[in-house]
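Observations on the model geometry
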Amino acid sequence: MSKELGDFQTPPALVTAVIESLNSTGKKWSRVLEPACGRGNFIKALLNLPIPPREIHAIELQSNYVKIAEKIAAEYSSTRVLIQQRKLFDLDLSRDLQWRETGSLLVVGNPPWVTNSQLGIEGSTNLPKKTNLKNFRGIDALTGSSNFDIAEYIWLKLIRELAFEEPTIALLCKTTVARKVLQFAYDNDLPITSASIRIIDTKKWFGAAVSACLFSVEIGSGKPHYEAAVYQNLYTTEPESTISIAGGQLVADLKAYNRLAFVDGVCPLTWRQGIKHDAASVMELAYDKLGCLHNKLGETIIVEPEYTYPLLKSTDLFHQLSVITEKAVIVTQKHLGENTYQLQQVAPKLWSYLTAHFDTFDRRKSSIYRGKPPFSMFGIGEYSFAPYKVGISGLHKTPKFRAIGPVNCRPVMLDDTCYFIPCYSPEQAAFLTTILSHPICLDFIYSQLFSDAKRPITKKLLQRLNLKEVYDRIEFKSLLSQANIEFERLTTITSKQKAIWPSSLEELLER
Ligand SMILES: C[S@@+](CC[C@H](N)C(=O)[O-])C[C@H]1O[C@@H](n2cnc3c(N)ncnc32)[C@H](O)[C@@H]1O
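Residues numbered from 1 in each chain as written. Predicted model: local features only at pLDDT ≥ 70, side-chain atom pairs only at ≥ 80, totals over all residues.

1. Examining the site of the ligand
The environment of the ligand is made up of 25 residues, and the closest members are T10, A36, G38, L88 and N110. Elements that contribute at least two residues to the shell around the ligand include exactly α2 (41–47) and β2 (55–60). Its residues assigned to classes, the shell around the ligand comprises 13 nonpolar, nine polar and three charged. (Near = placed C-beta within 6 Å. Helix = DSSP H or I, 4+ residues; strand = E, 2+ residues; numbered from the N terminus. Nonpolar A, V, L, I, M, F, W, Y, C, P; charged D, E, K, R; others polar.)

Here you go:
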């Protein structure tokens, strides 16, 4: 099996469950298209229905699968079955399917699960011609992202080329694919009239850890509706939530969002992402029991101490691991693009350490490092050196805001899996952490958060938190009492001080 073909044949029991789930809607289809039929498991289940469709068309790239599927079809005579051995992308589905029957159309199946990076996009031929998609808004953003899935192309192709048939399209796909298609359909006014997402147990069926679903979409000429009821499995009749578009963006729980929509606005402070260097083996260090620094290659490191900073990563932040951190990170620049050659003079030990590991930096794949001074970092600026911060992990699905203070008078750095607001006093960090951790704010975040996303918390989401609206709804006394707990936690680490609290949010932000 070629990885490029995203070939996971759907187990017959899952196919049966999918067909039953679709039938339970009461809708009947006289024609069916299976866009990548493989060994024909869907075709077989359809032909076994008490009232099978009158005509089935299928497409499959691999000839051995086409033969197997054709053999299955030959056992049934009541339905006209046509299987084409073609690359789906080479067909124009509005023209190249010669239907004999008329009547409602169902598109069903399980298109390949392959991402850009698995395809090695440049070399792969298992992709549509770019020109066929160029009229879509945002297509470059979609196809340019590294986790772009060819199932997304297939969805767009089916919706666009078959829209005139007003079909039901129901395909097994990753939930991330379903969401991208919904957002993309909204951005491009595609004629979706209703949709649903039914989660499937991927571990059980495919031994895969990824979240996937049966994504069903009705295409029609009625009023477009970019909402999908989310069901926990293929059978349940009660949706768990509804994902929908609000303010142009997909929200995870429309009901919760509507209740808390007042929080949706502009954060008065700028969220920053932690530092990025893509050279963890050299840049990230750890102290041993004797207080010596080691890198991940096991080497003992002696560099000028002013270039190393305490480091917290997303897991440390999430679990609120001690800020008296055992991790450290080398910081080569004070601001983006700063000349690093001066390190030769001002930090010769660091320079010789870095140059000894030049290869590691040279191997960094990301184009952002191209043409930049050697050993460059990203996510670096005056804000990185703020003594206090409010940080959050971008990778965890439970939002936990943490107030962070200096360690041994050194500001703590966060890595690029974290986001933070730079703060300049313990009061500011404590106060902001308290506002951000209030249930109003957390519930708003939950309404936006897709827990199966690689990065459930994003800068874009954090930047939408209108803190003033949250602040106005918190009783000041209870805010202060919680902020005091945060303050004490922050300051007992350094010295015992008494907090001087601001009397308003505006005053806090000015500090
Ligand atoms: C995930 S498997 C599913 C097969 C079948 N639909 C099922 O559910 O059992 C995806 C299938 O897509 C086929 N495939 C991959 N790229 C294709 C393309 N460009 N055109 C047609 N079929 C393709 C693979 O050979 C494979 O059989």
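We are not done yet, so read on.
2. Comments concerning the pairing of strand β1 (residues 31–34)
Side chains R31 and L33 project from β1 onto one buried face, and the interleaved V32 and E34 project onto a second face that is buried too. Summarising the sheet, β1 and strand β4 (residues 105–109) pair through three bridges and their orientation is parallel. Directly across from R31, in β4, lies its bridge partner L105. As judged from the four bridges shared by β1 and β2, these two strands associate in the parallel manner. Bridge pairing in β2 places L33 opposite H57. As a crossover connection, the stretch from β1 through α2 into β2 is right-handed. (Buried ≥ 20, exposed ≤ 12 C-beta atoms within 10 Å, placed from the backbone. Pairing = 2+ DSSP bridges. Right-handed = clockwise from strand over helix to strand, strands pointing away.)

3. Digging into helix α6 (residues 150–162)
Under the 1.5 Å per step criterion, the end-to-end length of α6 is 18 Å for 13 residues, consistent within 8% with the ideal 18 Å. Buried residues dominate α6, accounting for ten of its 13 residues. Within α6 the residues assigned to the buried category are I150, A151, E152, Y153, I154, W155, L156, K157, L158 and I159. (Expected span 1.5 Å × (residues − 1).)

4. Details of the sheet that holds β2
An order of β3-β2-β1-β4-β5-β7-β6-β8-β9-β10 is seen for the ten strands of this open sheet, with the pairing classed as mixed. The sheet is open, and its two borders are formed by β3 (80–85) and β10 (249–251), each paired with just one other strand. Geometrically, the sheet is characterised by an average inter-axis angle of 20° between neighbouring strands, direction not taken into account. Bridge count between β4 and strand β5 (residues 168–174): four bridges; the pairing is parallel. Across the sheet, the residue bridging to V107 is I169, located in β5. Packing against the sheet, α6 makes contact with β4, β5 and β7 (212–219), and its axis sits at approximately 175° to β5. Helix α7 (residues 175–187) contacts β5, β6 (192–200), β7, β8 (227–231), β9 (241–246) and β10 of the sheet and is inclined by roughly 130° relative to β5. (Axes fitted to C-alpha atoms, helices over the stretch in contact; angles between N-to-C directions. Contact = placed C-beta atoms within 7 Å.)

5. Some thoughts on the domain arrangement of the chain
Taken as a whole, the chain is organised into domain 1 (3–251) and domain 2 (272–510). Taking the mean C-alpha position of each, domain 1 and domain 2 sit 42 Å from one another. With five residues of domain 1 in contact, the opposing surface of domain 2 contributes five residues. The element best represented in the side of domain 1 that touches domain 2 is α7, accounting for three residues. For the side of domain 1 that touches domain 2, the residue count by class is one nonpolar, three polar and one charged. (Domains from an automatic or database assignment.)

6. Structural notes on the sheet that holds strand β16 (residues 327–330)
The sheet built from six strands is open, its strands ordered β14-β13-β12-β16-β15-β19 with mixed pairing. Strands at the two margins of the open sheet, each flanked by one partner only, are β14 (300–301) and β19 (413–414).

7. Focus on the pairing of strand β17 (residues 388–393)
Buried residues dominate β17, accounting for six of its six residues. Looking at chain direction, β17 and strand β20 (residues 418–423) are connected through six bridges and run antiparallel. In the strand pairing of β20, K389 is matched with P422. Pairing between β17 and strand β18 (residues 402–404): three bridges, direction antiparallel. By the bridge assignment for β18, G391 is matched with R402.

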